[in-house]
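A closer look at the structure
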Amino acid sequence: MRIIVTGGAGFIASHIVDAYVKEGHSLVVVDDLSSGIKRNVNPKASFVHLDIRDEKLDEVFKAGNFDVVNHHAAQMDVRKSVADPQFDASINVLGGLNVFECARRHGVRKIIFSSTGGAIYGEQDYFPADELHPLRPLSPYGITKLCTEKYLFYYKEVHGIDHVVLRYANVYGPRQNPHGEAGVVAIFANKMIRGEQAVINGDGKQTRDYTFVGDVVKANVAALSYRGSNIFNVGTGIEHDVNFLFDNLRVHLNQSLLEKHGPAKLGEQMRSVISHSKIHKELGWLPSVSLSDGLKITAEYFKKSVNN
Ligand SMILES: NC(=O)c1ccc[n+]([C@@H]2O[C@H](COP(=O)([O-])OP(=O)(O)OC[C@H]3O[C@@H](n4cnc5c(N)ncnc54)[C@H](O)[C@@H]3O)[C@@H](O)[C@H]2O)c1
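Just so you know, these numbers come straight off a predicted model, no measurement behind them.

A word on the pattern of salt bridges
- Taken as a whole and judged by the stated rule, the model has 14 salt bridges.
- Linking K191 and E196 is a salt bridge whose minimum nitrogen-to-oxygen distance equals 3.8 Å.
- By relative accessible area, which is 36% here, E196 ends up partly exposed.

Shown next as structure tokens:
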């Protein structure tokens, strides 16, 4: 297949590009390198340094004759979205629309989209949240993801373009940066490797559904052969708190630092965890890497990258 991946120099999508290349697909990556890094881009993929809001994107689609768009480029910092909702929407909504309009004009049949299971449901009524849980995002970032899902419904109904929406939990792993939804893993690991004290916000009992990037990649591979349009959670269904992360990373990084707690972040969601029953049933997807194993792999990666 001919596939264009937006945001393919970033954490999650660069791993997806690696997997697609390995499967023999032909890849074009579009990224403005605002948070992504060129060296993340697989050398077998063509790289276009471009903002997804730029009208030149049309030329890339015209030349590429793509079968599939995998759309991962985004302003993905929740706090930044609160500080500047207009900037956030300019990339996440208008940039997304530029991608989808190019797809429509140039005959793309399928869009895979990275939505969020961590931010789209808001405070949960039940645990884990399935895809039918009410959608009450509490940040501009979460709202742009919901809005984009609605646009994809429109492109399916009116223009016949299929979509697979993947609502990720909190994704962690090699190449992650501190700004994403599981940024705490990168923050703690980088501090501990330098022998600095990492500070836990509040009592550290806030929980998230930490999902290893390799498992997220598998969902994106499975999405390629899915027929039809659908929305799937991609998460482990298991909650872990921040104190667990701290202790686990401390062991993997051989650090004897004691837990230190700072003030709680105002308005921080206390619990978030999503169900994978639907994606298991429809795509056969199950998480395969435990948090402890995934943190070990991630800690090794950060150790190497800090020492290089
Ligand atoms: N990390 C998570 O836990 C998580 C959870 C749910 C959803 N997501 C979504 O997954 C996607 C990838 O996130 P990530 O964690 O890999 O973040 P990332 O910042 O590493 O990746 C985003 C990529 O998009 C690029 N980009 C940003 N603005 C752009 C623009 N205007 N034009 C072109 N490229 C642009 C960045 O340079 C970067 O390479 C995002 O859409 C994010 O919202 C991430």
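What about the environment of V69?
- Note on placement: V69 falls in strand β4 (residues 68–71).
- In this structure V69 comes out as buried when scored by relative accessible area, which is 0%.
- Between the alpha carbons of V69 and M1 there is a distance of 11 Å; along the sequence they are 68 residues apart.
- Residues in contact with V69, not counting those within four places in the same chain, are I4, F61, V99, A103, V108, K110, I111 and I112.

Things to note about the environment of Y121
- Within the element layout of this structure, Y121 appears in the loop between β5 (110–116) and α5 (140–159).
- C-alpha of Y121 to C-alpha of S272: the two residues are 151 residues apart in sequence and 8.7 Å apart in space.
- When neighbours within four sequence positions are excluded, Y121 is seen to be in contact with A129, D130, E131, H133, P134, L135, R136, R167, N233 and I274.
- At 2.9 Å, the side chain of Y121 forms a polar contact with the side chain of R167.
- At a separation of 2.7 Å, a polar atom in the side chain of Y121 contacts the side chain of N233.

Thoughts on the site of the ligand
- Not every one of the 31 residues close to the ligand is listed here, only the nearest: F11, I12, D31, S35 and Y141.
- Backbone polar atom of H72 to an oxygen atom of the ligand: 2.9 Å apart, as the coordinates give it.
- For the ligand, whose free accessible area comes to 820 Å², the fraction covered by protein is 99%.
- For the shell around the ligand, the secondary-structure elements that each account for two or more residues are α1 (11–22), β5, α5 and β7 (170–172).

What to know about the sheet that holds strand β1 (residues 2–6)
- Strand order in the open sheet formed by seven strands is β3-β2-β1-β4-β5-β6-β11, with parallel pairing between adjacent strands. Two strands bound the open sheet, and with one partner strand each, they are β3 (46–49) and β11 (230–234). The sheet shows a mean angle of 20° between the axes of neighbouring strands, taken without regard to direction.
- Sheet topology places strand β2 (residues 26–31) next to β3; four bridges connect them, and they run parallel. Following the sheet pairing, V28 is matched in β3 by S46.
- Where helix α4 (residues 85–105) meets the sheet, its contacts fall on β1, β4 and β5, and the angle it forms with β4 comes to roughly 175°.
- Sheet strands in contact with α5 are β5, β6 (162–168) and β11, and its direction is about 160° off that of β5.

Some points on helix α6 (residues 183–193)
- Among the residues making up α6, those that are buried are G183, V185, A186, F188, A189, N190 and M192.
- In this fold, the buried residues of α6 make contact with β7, β8 (199–201), α8 (242–252) and α10 (291–307).
- In the segment just after α6, G195 is the residue with positive phi, at about 75°.

Looking at the packing of aromatic side chains
- Scanning the entire structure with this criterion turns up seven aromatic pairs.
- Aromatic pair F61 and F66: ring centres 5.5 Å apart, planes at 85°, arrangement edge-to-face.
- By relative accessible area, F66 is classed as buried at 4%.
- Ring plane angle 90° and centroid distance 5.4 Å describe the contact between Y226 and F232, whose orientation is recorded as edge-to-face. This pair shows no difference in class: Y226 is buried, exactly as F232 is.
- Three or more aromatic residues joined by ring pairs make a cluster, and in this case those are F100, Y154 and Y155.
- In this structure, R271 is placed above the aromatic ring of F127, and the distance from its NZ or CZ to the ring centre is 3.6 Å.

About the cut-offs
- Residues numbered from 1 in each chain as written.
- Predicted model: local features only at pLDDT ≥ 70, side-chain atom pairs only at ≥ 80, totals over all residues.
- Heavy atoms only, no water.
- Salt bridge = Lys/Arg side-chain N within 4 Å of Asp/Glu carboxyl O.
- Buried < 20%, exposed > 50% of the residue type's maximum accessible area, 1.4 Å probe, protein only.
- Helix = DSSP H or I, 4+ residues; strand = E, 2+ residues; numbered from the N terminus.
- Contact = heavy atoms within 4.5 Å.
- Polar contact = N/O pair within 3.5 Å; in protein donor to acceptor, adjacent residues only side chain to side chain.
- Near = heavy atom within 4 Å.
- Areas by Shrake-Rupley, 256 points an atom, 1.4 Å probe, with all protein chains shown as cover.
- Pairing = 2+ DSSP bridges.
- Axes fitted to C-alpha atoms, helices over the stretch in contact; angles between N-to-C directions.
- Phe/Tyr/Trp six-rings, centres within 6.5 Å; stacked < 30°, edge-to-face > 60°.
- Lys NZ or Arg CZ within 6 Å of the ring centre and 35° of its normal.

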